Amino acid sequence: MSPSVRLQEMIRVIRSARTQCEERGVIQKECAAIRAQFRQADNGGRSHNLAKLLYVHMLGYPAHFGQMECVRLIASPRYSEKRVGYLGAMMLLDEKQDASLLITNSIKNDLSHSSPYVQSLALCTLACMGSAEMCRDLAPEIDRLLKTANAYIKKKAALCAVHIVRKVPELAELFNTAARSLLTEKNHGVLHGAVVLITELCERNPSALPHFRKIVPDLVHIMKGLVMSGYSPEHNVAGISDPFLQVRILRLLRILGRNDDEASDAMNDLLAQVATNTDSSKTAGSAVLYETVLTIMDINSECGLRILAVNILGRFLLSNDRNIRYVSMMSLQKIVQTDHNAVQRHRGTIVDCLKDQDASVKRRALELSLALVSAANIRSLMKELLLFLSCCPPELRAQTASGIFSAAERFAPSQRWHIDTALHVLTTAGGDVRDEMVPSLIQLITTATELHCYTVHKLYRALVADISQQSLVQVACWCIGEYGDLLLRGECEETEPVQVTEDDVLDALETVLQSHMSSPATRGFALTATMKLSTRISRNVDRIRSIVSIYGSCIDVELQQRAVEYNALFKKYDHMRAAVLERMPVIDRSSPGHDNGEPAVIQAPDKTKNNPVVTLTQEPTNQARDLLDLLGGSDEPAQPSTVQPAPAAPVPDSGSAGGDLLDLLGGLDSIPDPSVTVYEQNGVTVKLRCDRQTDVGVTATLVASNTTDSDITQFTLQAAVPKCVQLQMRAPSGDVLPARGAGQVTQTVHLNNPNKVSLRMRVRLSYCSGGSTCQDTVQVDSFPASASH
Amino acid sequence: MMRFLLLFSRQGKLRLQKWFTPLVERERKKVVRDMTLMVLGRPPRSCNFLHWKDLKVVYKRYASLYFCCGLDDKDNELLALEVLHRYVELLDKYFGNVCELDIIFNFEKAYFILDEFLMGGEVQETSKVTVAKSIEASDMLQETMEEYMSKPAF
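Quantities reported herein were computed from a predicted structural model and do not represent experimental measurements.

1. A look at the overall build of chain B
Next up, step 1: Helix and strand counts for chain B come out as five helices and seven strands.
Next up, step 2: The C-alpha radius of gyration computed for chain B amounts to 16 Å, which stays within 12% of the reference 15 Å derived for 154 residues, consistent with globular compactness.
Next up, step 3: C-alpha atoms of chain B, sized along the principal axes, occupy 45 × 35 × 30 Å.
Next up, step 4: Burial analysis of chain B (154 residues in total) assigns 63% to the buried set.
Next up, step 5: Accessible surface for chain B amounts to roughly 6100 Å². Of this, 55% is attributable to carbon and sulfur atoms.
Next up, step 6: Looking at charge distribution, chain B has the averaged site of its 23 positive side-chain charges lying 7 Å from that of its 23 negative ones.

Structure below.
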């Protein structure tokens with residue numbers, strides 16, 4: 001067996017190994033030698049061997065067999081062996097190992113050693129990996145050492161005490177008095193340790209704050225000394241006298257001055273002095289200024305001081321040093337809510353940082369810019385944001401797009417501007433727009449009734465240019481389906497109209513349908529749009545029929561279902577086709593406070609609205625229901641499956657999109673609304689409950705129940721309204737009334753009353769009870785007032 | 001407080017690791033891997049601050065070595081840059097124009113110097129001179145220096 005080589009020799013040999021395999025071989029040989037050496041009795045080379053093992057450990061090889069050797073070396077009387085032993089303990093042992101307990105006794109002995117360097121080893125190791133039990137054991141020793149005369153030991157004991165307080169918070173009281181007395185020292189190391197210790201004590205134990213607030217004048221005095229003193233070569237860093245100590249003192253002042261007027265007053269002058277006098281051309285000065293700014297913003301400082309702090313941050317933004325720019329933006333972000341006006345003054349600089357090279361700086365600038373959007377600056381700021389969107393790094397695009405949307409929603413100066421912005425985002429970054437945005441965009445388009453023509457023209461152009469961006473394609477398909485007649489008319493005041501024929505439009509939609517780039521949802525949009533066009537065009541209805549029937553055998557189940565239903569609409573229910581596919585009413589938001597984009601507020605009401613509605617569209621019944629569900633299905637441009645996640649998923653910035661659309665069906669609250677009984681015979685009761693009432697329409701639900709002993713089957717309702725009123729009946733929840741009121745059948749009707757005539761409705765019921773069919777007619781002359789208006 | 005301090009080369013080889021919080025071996029390896037990947041993947045002129053989990057990461061490149069430390073959320077990043085710089089200055093003073101090879105072949109000295117400068121994740125001595133003096137005195141105490149350490153070039 002070759003004799004073990006010296007440490008440096010071994011390192012050289014390992015480094016010269018050309019392959020991983022070779023290196024492993026060398027190391028295995030060495031480790032075997034080291035193990036053998038460990039087993040031998042005390043020889044002179046123990047510390048060398050452990051050092052070699054530590055090197056091997058750093059390369060990533062297992063070294064656990066060295067743990068006991070560490071323990072033995074620590075107990076050795078020779079300093080060189082102790083030193084390496086303690087180093088090994090810090091590297092190989094952690095508090096979870098059993099061996100770490102074995103060194104507690106050695107540490108205890110070494111803490112009272114005659115040589116301060118041995119004491120220092122013990123203190124260092126304790127502060128690095130001392131477990132809770134070790135800390136409890138040795139806390140009194142540390143407290144004693146805090147009161148020695150030797151500054152070298154005192155400063156180390158202070159930091160050791162910090163570790164003890166972190167591990168065993170209950171021992172904090174032990175150090176309260178000692179910590180205070182340490183502040184009278186002149187030695188910077190001890191002062192620094194004392195400040196750190198007091199900071200830790202205050203953070204762990206807020207009840208100690210009043211006790212330590214009394215030292216604020218002392219801290220101010222020390223700080224003044226540091227700031228005003230002349231050049232001290234020992235502690236000077238780039239013109240700042242001991243920046244490490246200054247920063248720690250400022251941090252402690254922050255904790256002490258928080259929520260306390262008296263303490264804040266005492267430090268006001270000092271903070272102003274530091275803020276104005278510190279030279280920030282180098283990092284050290286900037287670090288001190290940064291800490292000062294953080295402190296000013298956190299305590300109860302006076303207004304002038306706060307403005308000074310924000311101005312410092314603004315100055316930082318102009319710095320050449322990237323780190324300083326980043327740090328200032330982080331701080332500005334924290335205070336943008338509370339000191340909004342002060343930060344607004346630096347908006348120009350912040351927006352300029354959008355063009356910075358560094359990705360982190362860009363991200364911060366984006367978040368800040370979005371936070372600074374207000375009604376006054378929306379136009380100019382949006383220009384910058386849109387510019388940024390076109391050249392920003394891919395990971396920021398989704399965030400930018402949704403930020404732009406929510407800002408546009410809150411502060412749009414006009415509908416035309418809002419639509420323009422939305423279209424711009426769609427065309428620039430359509431692929432990064434989140435899926436939840438699509439319904440809210442569609443809702444936005446429907447509300448801007450005068451701009452339908454303009455919108456559909458623009459979207460058609462964009463669609464023809466590029467069909468790869470899913471969100472854009474979805475919105476475009478929906479608009480073409482809905483407003484195709486406006487497109488084909490070929491005239492538009494707002495923009496250059498496209499001259500298209502019906503074939504062109506159908507070609508475009510078919511391209512989307514057939515393209516491999518289109519997602520299943522997008523193809524659903526395209527198919528429905530094609531179908532809707534059948535009522536809006538005159539000549540190519542047959543082409544639509546053929547497209548629809550082709551997709552009747554499509555592999556995608558959703559498309560197939562849609563195609564089959566549309567086919568049925570053509571064949572059997574052609575008389576209903578026009579009504580089913582007519583122009584949709586304006587989807588409006590339910591409550592006025594809705595568009596502030598505060599998710600937490602909107603979540604709760606939407607949840608109650610969404611859930612009952614979703615179950616309504618889910619319940620399976622006859623084919624008539626399926627067809628009528630086309631209306632329900634085509635109301636929500638997304639499939640029913642995407643409706644459901646809307647209440648569950650976190651509400652996007654633009655407000656709850658899914659909830660708005662479902663509001664068509666009215667707020668089906670579980671609050672018992674006043675309902676009027678319109679029919680009560682043969683055990684069948686039909687109540688009318690008004691869900692929603694506006695000037696031009698009423699949404700009501702008919703609720704039927706059965707008090708007889710047997711089920712009533714084939715229950716259907718038909719309704720008729722005066723000529724000028726439009727009626728839409730949703731699918732009933734079922735056609736069986738269970739006996740003894742065990743269940744109900746509900747059916748929602750919506751009356752659209754643009755001419756504001758008095759509303760009347762004739763309802764015809766037919767059902768089968770006890771083997772015989774019954775039919776009855778009832779007239780409803782007045783609708784009860786709804787609970788929600 | 002500083003949670004850890006790592007030194008690694010441009011090829012990702014670890015030269016020094018100091019942990020100020022208790023972590024098992026597996027977790028330590030994961031942190032080292034993550035830090036190396038993140039820091040080495042940064043473009044040349046980016047800012048020296050990163051976010052990783054709930055920590056701030058500050059790194060600085062000196063010649064062929066990356067000095068990387070993880071901080072708590074409340075710590076001052078600019079000051080951490082100064083801390084790293086101070087450590088490099090101490091190494092430089094001790095080894096005389098320190099380079100990566102010095103730290104490789106005398107890694108235990110690098111640890112000893114670090115232990116005189118930082119403790120428990122905090123700065124323990126703010127004066128360069130005092131730290132240097134303590135190291136010198138400790139070295140004097142140590143017998144048989146010549147065997148495996150090259151003489152410090154003061």
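2. Topic: the overall build of chain A
Next up, step 1: In terms of helices and strands, chain A carries 38 helices and ten strands.
Next up, step 2: The burial tally for chain A puts 58% of its 789 residues in the buried class.
Next up, step 3: Excluding contacts between residues fewer than 6 apart, the proportion of contacts in chain A whose partners are at least 24 apart in sequence is 68%.
Next up, step 4: Entry remark: accessible area of chain A is about 32800 Å², with carbon and sulfur atoms responsible for 51%.

3. Concerning helix 17 (residues 283–298) of chain A
Next up, step 1: Over its 16 residues, helix 17 of chain A extends 22 Å from the first C-alpha to the last, a length consistent with the 22 Å expected when each residue adds 1.5 Å.
Next up, step 2: Taken across its 16 residues, helix 17 of chain A has 14 buried, putting it largely inside the fold.

4. Quick look at the sheet that holds strand 5 (residues 65–71) of chain B
Residue and element names in this part refer to chain B.
Next up, step 1: The strand order 2-1-5-4-3 describes an open sheet built from five strands, whose pairing is antiparallel. Single-partner strands in this sheet number two, and they are strand 2 (14–19) and strand 3 (49–52). The mean inter-strand angle of the sheet, taken between neighbouring strand axes irrespective of direction, is 20°.
Next up, step 2: Sheet topology places strand 1 (residues 2–9) next to strand 5; seven bridges connect them, and they run antiparallel. Bridged to F4 within strand 5 is G70.
Next up, step 3: Sheet contacts for helix 2 (residues 77–95): strand 1, strand 2, strand 3, strand 4 (55–62) and strand 5; angle to strand 4, the most-contacted strand, approximately 40°.

5. Some thoughts on the side chain of K18 of chain B
Next up, step 1: With respect to the element layout, K18 of chain B can be found in strand 2.
Next up, step 2: Here the side chain of K18 of chain B touches D115 of chain B through a polar contact of 3.0 Å, side chain to side chain.
Next up, step 3: Filtering out sequence-adjacent residues up to four positions away, K18 of chain B remains in contact with M90 and C128 of chain A together with R3, F4, L5, Y111, L114 and D115 of chain B.

6. With respect to the packing of helix 24 (residues 394–411) of chain A against helix 25 (residues 415–429) of chain A
Residue and element names in this part refer to chain A.
Next up, step 1: At a minimum axis separation of 10 Å, helix 24 and helix 25 run at an interaxial angle of 170°. As the angle between them shows, helix 24 and helix 25 are arranged roughly antiparallel. Along the contact surface, helix 24 presents R397, A401, I404, F405, A408 and E409, while helix 25 presents W417, H418, T421, A422, V425, T428 and A429.
Next up, step 2: Of the residues belonging to the contact of helix 24 with helix 25, the class tally is eight nonpolar, three polar and two charged.

7. What about the nonpolar core?
Next up, step 1: In this structure, I142 of chain A together with Y87 of chain B are the most contacted members of the largest nonpolar core, which totals 265 residues.
Next up, step 2: Of all the elements, helix 2 of chain B adds the most residues to this core, at twelve residues.
Next up, step 3: Discounting chain neighbours no more than four positions away, the residues touching Y87 of chain B are L5, L7, L16, F67, A110, I113, L114 and F117 of chain B.
Next up, step 4: Y679, A704, V725 and F783 of chain A belong to the second-largest nonpolar core, a separate cluster that totals 28 residues.

8. Focus: the packing of helix 23 (residues 378–391) of chain A against helix 24 of chain A
All names here are of chain A.
Next up, step 1: Two numbers describe how helix 23 lies on helix 24: the axes approach to 10 Å, and their chain directions differ by 160°. By the angle between their directions, the pair helix 23 and helix 24 is classed as roughly antiparallel. As for the relative orientation of helix 23 and helix 24, their crossing is left-handed in sense. Contacts between helix 23 and helix 24 pair I378, M382, L385, L386, F388 and L389 from the former with L396, R397, T400, A401, I404, A407, A408 and F411 from the latter.
Next up, step 2: Class assignment for the residues of the contact of helix 23 with helix 24 results in twelve nonpolar, one polar and one charged.

9. Points about the pairing of strand 4 (residues 684–694) of chain A
Residues and elements named next belong to chain A.
Next up, step 1: Summarising burial for strand 4: eight of the eleven residues are buried, a large majority.
Next up, step 2: With six bridges joining them, strand 3 (residues 675–681) and strand 4 adopt antiparallel strand pairing. Bridged to V676 within strand 4 is L688.
Next up, step 3: Between strand 3 and strand 4, which pair antiparallel one after the other, the connecting turn spans two residues, and N682 there sits at a positive phi close to 55°.
Next up, step 4: Bridge count between strand 4 and strand 5 (residues 697–706): ten bridges; the pairing is antiparallel. By the bridge assignment, R689 is partnered in strand 5 with T701.
Next up, step 5: Between strand 4 and the antiparallel strand that follows it, strand 5, lie two residues.

10. What to know about the pairing of strand 2 of chain B
Residue and element names in this part refer to chain B.
Next up, step 1: Counting buried positions over the six residues of strand 2 gives six, a clear majority of the element.
Next up, step 2: As defined by bridge partners, strand 1 adjoins strand 2 across five bridges and the pair is classed as antiparallel. Counterpart to F8 in the pairing with strand 2 is L14.
Next up, step 3: Two successive antiparallel strands, strand 1 and strand 2, enclose a turn made up of four residues, where G12 displays a positive phi of approximately 90°.

11. Comments concerning the environment of D321 of chain A
Residue and element names in this part refer to chain A.
Next up, step 1: Along the chain, D321 falls in the loop between helix 18 (303–317) and helix 19 (322–335).
Next up, step 2: In this structure, the C-alpha to C-alpha distance between D321 and P732, residues 411 residues apart in sequence, is 68 Å.
Next up, step 3: Among the polar contacts listed, one links the side chain of D321 to the backbone nitrogen of N323, at a separation of 2.9 Å.

12. Looking at the environment of S331 of chain A
All names here are of chain A.
Next up, step 1: With respect to the helices and strands, S331 occurs in helix 19.
Next up, step 2: Looking at S331, the relative accessible area reads 3%, which means it is buried.
Next up, step 3: Separated by 62 residues in sequence, S331 and D269 have C-alpha atoms that sit 22 Å apart.
Next up, step 4: Once you skip the residues sitting within four places of it in the chain, S331 turns out to touch Y290, L294 and L313.
Next up, step 5: Engagement of the side chain of S331 in a polar contact is seen with the backbone oxygen of V327, the distance being 2.9 Å.

Cut-off values and rules
Residues numbered from 1 in each chain as written. Chains lettered and ligands numbered in written order. Predicted model: local features only at pLDDT ≥ 70, side-chain atom pairs only at ≥ 80, totals over all residues. Heavy atoms only, no water. Helix = DSSP H or I, 4+ residues; strand = E, 2+ residues; numbered from the N terminus. Rg over C-alpha atoms; globule rule 2.2 N^0.38 Å. Buried < 20%, exposed > 50% of the residue type's maximum accessible area, 1.4 Å probe, protein only. Areas by Shrake-Rupley, 256 points an atom, 1.4 Å probe, with all protein chains shown as cover. Lys, Arg positive; Asp, Glu negative; His and termini not counted. Charge placed at Lys NZ, Arg CZ, Asp CG, Glu CD. Contact = heavy atoms within 4.5 Å. Expected span 1.5 Å × (residues − 1). Pairing = 2+ DSSP bridges. Axes fitted to C-alpha atoms, helices over the stretch in contact; angles between N-to-C directions. Polar contact = N/O pair within 3.5 Å; in protein donor to acceptor, adjacent residues only side chain to side chain. Parallel < 35°, antiparallel > 145°, perpendicular 65-115°, else oblique. Nonpolar A, V, L, I, M, F, W, Y, C, P; charged D, E, K, R; others polar. Core = buried A, V, L, I, M, F, W, Y, C linked by side-chain atoms within 4.5 Å. Left-handed = near helix turned anticlockwise from the far one by under 90°.

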